[in-house]
Amino acid sequence: EAGVVQSPRYKIIEKKQPVAFWCNPISGHNTLYWYRQNLGQGPELLIRYENEEAVDDSQLPKDRFSAERLKGVDSTLKIQPAELGDSAVYLCASSLGEIAGGLTDTQYFGPGTRLTVL
Amino acid sequence: QKEVEQNSGPLSVPEGAIASLNCTYSDRGSQSFFWYRQYSGKSPELIMFIYSNGDKEDGRFTAQLNKASQYVSLLIRDSQPSDSATYLCAVNGLGGYNKLIFGAGTRLAVHP
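Worth saying up front: this structure is predicted, and the values here are computed from it rather than measured. (Residues numbered from 1 in each chain as written. Chains lettered and ligands numbered in written order. Predicted model: local features only at pLDDT ≥ 70, side-chain atom pairs only at ≥ 80, totals over all residues. Heavy atoms only, no water.)

Colleague: Honestly, the overall build of chain A in this entry has me stumped. Any pointers?
Modeller: In terms of regular secondary structure, chain A is built from zero helices and 11 strands. Walking chain A from its N terminus toward its C terminus, one meets helices and strands in the order β-β-β-β-β-β-β-β-β-β-β. Relative to the compact-globule value of 13 Å for 118 residues, chain A shows a C-alpha radius of gyration of 14 Å, a close match. Dimensions along the principal axes, computed over C-alpha positions, put chain A at roughly 45 × 25 × 25 Å. For chain A, with 118 residues in total, the buried portion stands at 47%. Here the contacts in chain A between residues at least 6 apart in sequence split such that 56% fall between residues at least 24 apart. For chain A, the computed accessible surface area is about 5900 Å², with 50% contributed by carbon and sulfur atoms. (Helix = DSSP H or I, 4+ residues; strand = E, 2+ residues; numbered from the N terminus. Rg over C-alpha atoms; globule rule 2.2 N^0.38 Å. Buried < 20%, exposed > 50% of the residue type's maximum accessible area, 1.4 Å probe, protein only. Contact = heavy atoms within 4.5 Å. Areas by Shrake-Rupley, 256 points an atom, 1.4 Å probe, with all protein chains shown as cover.)

Colleague: Explain the pattern of salt bridges here, please?
Modeller: Between side chains of opposite charge, pairing is possible as soon as their charged atoms come close. Under the counting rule described, the total for this entry stands at eight salt bridges over all chains. For Arg37 of chain B, the salt bridge is made with Glu45 of chain B, and the minimal N-O distance between the two is 3.3 Å. For Arg37 of chain B, a relative accessible area of 17% translates into the label buried. Residue Arg77 of chain B is joined to Glu57 of chain B by a salt bridge in which the shortest nitrogen-to-oxygen separation is 3.5 Å. Here the residue Arg77 of chain B occupies a position in the loop between β8 (71–76) and β9 (85–92), and Glu57 of chain B occupies one in strand β6 (residues 54–58), the gap between them amounting to 20 residues. What you see here is one network of salt bridges that share partners, running through Arg64, Glu83 and Asp86 of chain A. (Salt bridge = Lys/Arg side-chain N within 4 Å of Asp/Glu carboxyl O.)

Colleague: Looking at this structure, how should I read the interface of chain A and chain B?
Modeller: A common measure of how large an interface is: the accessible area buried when the components associate. Contacts between chain A and chain B engage 26 residues on the former and 20 residues on the latter. Between chain A and chain B, a total of about 1900 Å² is buried, with carbon and sulfur atoms accounting for 55% of that surface. Put simply, chain A and chain B have one salt bridge between them. For Lys99 of chain B, the salt bridge is made with Asp56 of chain A, and the minimal N-O distance between the two is 2.8 Å. Taken together, the connections running from chain A to chain B amount to four residue pairs in polar contact (both at pLDDT 80 or more). Where the side of chain A that touches chain B is concerned, the elements lending two or more residues are β4 (31–37) and β5 (44–50) of chain A. (Buried area = accessible area lost by both parts, 1.4 Å probe. Polar contact = N/O pair within 3.5 Å; in protein donor to acceptor, adjacent residues only side chain to side chain.)

Colleague: What am I meant to see in unusual backbone geometry here?
Modeller: Residues Ser7 of chain A and Pro8 of chain A are joined by a peptide bond in cis, for which omega reads -10°. Mapped onto the elements of the fold, Pro8 of chain A is located in the loop between β1 (5–7) and β2 (10–13). A cis geometry characterises the amide bond from Gln80 of chain A onward to Pro81 of chain A, with omega recorded as -5°. With a phi close to 65°, Lys71 of chain A is a non-glycine residue in the positive phi region. The backbone phi angle of Gln70 of chain B is positive, close to 55°, even though this residue is not glycine. With respect to the helices, strands and loops of the structure, Gln70 of chain B is situated in the loop between β7 (61–66) and β8.

Colleague: How should I be thinking about the state of the cysteines in this particular structure?
Modeller: Put plainly, a disulfide is one covalent bond tying together the sulfur atoms of two cysteines. All names here are of chain A. Under the counting rule described, the total for this entry stands at two disulfides over all chains. Paired through a disulfide, Cys23 and Cys92 show a sulfur-sulfur distance of 1.9 Å. An S-S torsion of about -70° defines the bridge between Cys23 and Cys92 as left-handed. Of this pair, Cys23 sits in strand β3 (residues 19–24) while Cys92 sits in strand β9 (residues 88–95), and the two are 69 residues apart along the sequence. (Disulfide = S-S within 2.5 Å.)

Colleague: It is not clear to me how the nonpolar core should be interpreted in this structure. Could you clarify?
Modeller: Side chains that are nonpolar tend, in soluble globular proteins, to be buried together. Trp35, Val72, Leu74, Ile76 and Tyr87 of chain B are the most contacted members of the largest nonpolar core, which totals 23 residues. Going through the elements one at a time, β3 (19–25), β4 (33–38), β5 (45–50), β7, β8, β9 and β11 (106–111) of chain B are the ones with two or more residues in this core. Look past the residues within four positions of Ile76 of chain B in its chain and what remains in contact with it is Ala17, Ile18, Ala19, Leu21, Arg60, Phe61, Asp83, Tyr87 and Leu108 of chain B. By size, the runner-up hydrophobic cluster in this structure holds 21 residues, among which are Ile13, Cys23, Ile47 and Tyr49 of chain A. (Core = buried A, V, L, I, M, F, W, Y, C linked by side-chain atoms within 4.5 Å.)

Quick look at the structure:
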């Protein structure tokens, strides 16, 4: 079974430039998550989708970040314009969601995109 | 107080020893607890989860949960150099069963 796929793996941009990250979840997983992980920290949730609906975007900096999950499968996370403080690893994860029965719903992570903003 | 706290380490243990990793959490309503392993430069990978008080064993790994004391731990028996990584504790928080709050992780170093 293929895991969560993310691209690109690395991205270097100058501040104020836009950037986009793409994620393809595990087949059959209804729930998709975008996390940001700063060096030496655990992942922090940015947004969570149940199918195509964003059910939790409370941690997403909406002035510069946007996300979409058209057709409830692939997802794109965009930053425009990027700032120096956005340098981090952006992780996508997916899980079965309600089908799993709640407490045992397990999130599986993709390889991440390492963003460097100069 | 952070919602999920872990000692950052490094925790250094000799090969073959038992490594004990601890995690405390602040939300008494948390119901499910996950341990992830993260190698340097890689993404987190699930080791195991637990949601009932007591012990849960999976191979060399044992998760222990004490909801009254609000802590969860991970024991690694017969530690190997390949176990050297950062171990992340994740707890479901306010907002639903799949809203995970991660600790900052404990770095484990197993030396031959």
